[in-house]
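Chain by chain, the residues run as shown.
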Amino acid sequence: MSGPEPGEGPRQPEYTAARLRRALAEDERTAELGIQVDVRGEHVYLTGAVSSQRCKERLDAVLHERAPELRLHNDVRVVEATEPGDAEVLG
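Residues numbered from 1 in each chain as written. Predicted model: local features only at pLDDT ≥ 70, side-chain atom pairs only at ≥ 80, totals over all residues. Heavy atoms only, no water.

Caption draft 1: Just the overall build of the chain, in detail. Within the chain one finds 2 helices and 5 strands. Along the chain direction, N to C, the helices and strands of the chain fall in the order α-β-β-β-α-β-β. When burial is assessed residue by residue, the chain has 27% of its 91 residues classed as buried. Relative to all contacts within the chain whose residues are 6 or more apart in sequence, the contacts with residues 24 or more apart total 55%. When the accessible surface of the chain is split by element, carbon and sulfur atoms take 48% of a total near 6,500 Å². (Helix = DSSP H or I, 4+ residues; strand = E, 2+ residues; numbered from the N terminus. Buried < 20%, exposed > 50% of the residue type's maximum accessible area, 1.4 Å probe, protein only. Contact = heavy atoms within 4.5 Å. Areas by Shrake-Rupley, 256 points an atom, 1.4 Å probe, with all protein chains shown as cover.)

As structure tokens, then:
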């Protein structure tokens, strides 16, 4: 568990957001690059899409570990991949 990095504080939410985006990308449980992280005061908002509810829950776990002092709002959509249908015929 790590706290704020040097130079990071409540007036610099962009640094906190960047640190959390990096955590989501680098953590083996998530490895998510397409998640948007927005920090406003003591709140962090996640948006984007993942492939399963389990992936969404892992985002919560990673961010809670990295920033337990922030209140998390996970608005990430679950978009499950489906089997492709019949081929589209152009003609």
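Caption draft 2: Broad picture of the pairing of strand β2 (residues 43–47). Judged by which residues are buried, β2 turns out to be one-sided: V44 and L46 face inward and are buried, whereas H43, Y45 and T47, on the alternate face, are not. For strand β1 (residues 36–40) and β2, the ladder comprises 5 bridges, and the chain directions are antiparallel. Residue pairing in the sheet places R40 in a bridge with H43 of β2. Here 4 bridges tie β2 to strand β4 (residues 71–74), and the two strands are oriented parallel to one another. Within β4, the residue paired with L46 across the bridge is N74. (Pairing = 2+ DSSP bridges.)

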